[in-house]
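The lines below spell out each chain.
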Amino acid sequence: MIWIEIAADVGFSIVSWGYLAKIFPPGLGVFATVIICWISQVQCLMLIIVNRLCILYADRRQRRKLRIFTAGLVSMISLSTACIWIPAQLQINHTYIWLNHWWDRFEKTIYLLLDLSLNILFIRVVKTRLVDYGLKKYDKVMKFNEYIIFVSIGMDILLLGVTALHNGFVYCQFHPVTYIVKLHIEITMSRLLIKVARSTGINVYNEEKGRMTSDALMTQTLTPTVNMQVHVDTQVFTSRQNDDFEMSSMTHKASVNSLRPSTRG
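What you see is a predicted model, and the numbers here were worked out from it, not measured in a lab.

**Student:** Can you walk me through the overall build of the protein chain in this structure?
**Tutor:** Secondary structure summary: the protein chain contains 7 helices and 0 strands in total. Buried positions account for 37% of the 265 residues belonging to the protein chain.

**Student:** Teacher, can you tell me more about the environment of Ala197 here?
**Tutor:** If you trace the backbone, Ala197 turns up in helix H6 (residues 174-198). Judged by its relative accessible area of 6%, Ala197 is buried.

**Student:** Just checking my understanding: could you explain the packing of helix H1 (residues 2-20) against helix H2 (residues 28-54) for this structure?
**Tutor:** Across the interface, H1 lies against H2 with an axial gap of 8 Å and an inter-helix angle of 150°. On the basis of the axis angle, H1 is roughly antiparallel to H2. Between H1 and H2 lies a crossing of left-handed hand. Across the interface between the two elements, Ile2, Ile4, Glu5, Ala8, Asp9, Gly11, Phe12, Val15 and Tyr19 from H1 touch Val30, Phe31, Thr33, Val34, Cys37, Trp38, Ser40, Gln41, Cys44, Leu45 and Ile48 from H2.

**Student:** Explain a nonpolar patch on the surface here, please?
**Tutor:** Where nonpolar side chains cluster on the molecular surface, the patch consists of Val10, Ile14, Trp17, Ile23 and Phe24 and spans about 490 Å² of accessible area. Position of Ile23 among the secondary structure elements: in the loop between H1 and H2. Relative accessible area serves as the criterion here: at 49%, Ile23 is assigned to the partly exposed category.

**Student:** Quick question: what am I supposed to make of the nonpolar core here?
**Tutor:** Nonpolar side chains tend to gather and get buried jointly when the protein is soluble and globular. Core analysis: the biggest nonpolar cluster contains 49 residues, and Met46, Trp85, Leu118, Phe122, Val126, Tyr138 and Val141 have the highest contact counts within it. When residues of this core are traced back to their parent elements, those giving at least two are H1, H2, helix H3 (60-90), helix H4 (94-129), helix H5 (139-161) and H6. The biggest single contributor to this core is H2, with 13 residues. Residues within four places of Val141 in sequence aside, it is in contact with Phe122, Met189, Leu192, Leu193 and Val196.

**Student:** Looking at this structure, I do not really get the packing of H4 against H5. What am I missing?
**Tutor:** To characterise two packed helices, one gives the angle between the axes of the helices and the distance between these axes. Their axes nearest at 10 Å, the elements H4 and H5 cross at an angle of 180°. Regarding the angle of H4 to H5, the classification is roughly antiparallel. Residues Arg105, Lys108, Thr109, Leu112, Asp115, Leu116, Asn119, Ile120, Phe122, Ile123, Val126 and Lys127 of H4 form the contact with H5, whose own contacting residues are Val141, Met142, Asn145, Glu146, Ile149, Ser152, Ile153, Asp156, Ile157, Leu159 and Leu160. A per-class count over the contact of H4 with H5 returns 13 nonpolar, 4 polar and 6 charged.

**Student:** Is there a simple way to think about the pattern of salt bridges in this case?
**Tutor:** Pairs can form between side chains of opposite charge whenever their charged atoms are close. Under the defined criterion, the tally for this structure stands at 6 salt bridges. With a shortest N-O distance of 2.8 Å, Arg52 and Glu186 are connected by a salt bridge. With Arg52 in helix H2 and Glu186 in helix H6, this pair connects stretches of sequence that are 134 residues apart. The residues Arg52 and Glu186 share a single accessibility class, namely buried. Each of the salt bridges in this network shares a partner with another, and the network as a whole consists of Asp104, Glu107 and Lys108.

Conventions adopted
- Residues numbered from 1 in each chain as written.
- Predicted model: local features only at pLDDT ≥ 70, side-chain atom pairs only at ≥ 80, totals over all residues.
- Heavy atoms only, no water.
- Helix = DSSP H or I, 4+ residues; strand = E, 2+ residues; numbered from the N terminus.
- Buried < 20%, exposed > 50% of the residue type's maximum accessible area, 1.4 Å probe, protein only.
- Axes fitted to C-alpha atoms, helices over the stretch in contact; angles between N-to-C directions.
- Parallel < 35°, antiparallel > 145°, perpendicular 65-115°, else oblique.
- Left-handed = near helix turned anticlockwise from the far one by under 90°.
- Contact = heavy atoms within 4.5 Å.
- Patch = residues over 30% accessible without salt bridge, like charges linked within 9 Å, V, L, I, M, F, W, Y side chains within 5 Å.
- Areas by Shrake-Rupley, 256 points an atom, 1.4 Å probe, with all protein chains shown as cover.
- Salt bridge = Lys/Arg side-chain N within 4 Å of Asp/Glu carboxyl O.
- Core = buried A, V, L, I, M, F, W, Y, C linked by side-chain atoms within 4.5 Å.
- Nonpolar A, V, L, I, M, F, W, Y, C, P; charged D, E, K, R; others polar.

Spelled out as structure tokens, the structure:
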């Protein structure tokens, strides 16, 4: 999907620049190519974000629901945008032009909220399923996402703002820039996840949270060092006869030896 995203950005840039430079004449072919590249941009980027989020879900049904919901929502909005944007660019009538003026802002606002929601969900899942269970090294991922989310949302706001330009096609030049920056953010996040997952060190285990199973979500093999401490409660038994006292002492020593962990050479 990364290469599809890059190819869509390059294709979008070439066609939109050629149209504005009057190299490509206006027509259905040019507008259809632009809208196909735009749909590929949005669909691939959102699925890349969802795939990053699905790493943290162990349940396949949850991963499938999240992918289907995101792909369905993006596809529905993209197809409706294509049905409005192409007739508006061909200037079939004023109704399509007026509708495209408002629908452009509406669909970009939806994508902004969807991007924001997925990133907030990622931060929440990392905190509740990893950091709160003692995997403090993933706190770096959570902090980075909290800061980088402002850059991602800022690019959406920039793209939403340039739709107010008088030329309804000029803002298309900002599409490749916006989505290539977002793609770079996702690649950086993926590299950081891999780097943190493969890092070594002491992970603080919070005993109050119970058993720690979050490491199974990441593809790594951990070999922690476990320090075992055995606390033996001693009891003194008194007896009138020496035989009973010796028997209780032997039983006590046997119980202590059974609690000691065996050492391997």
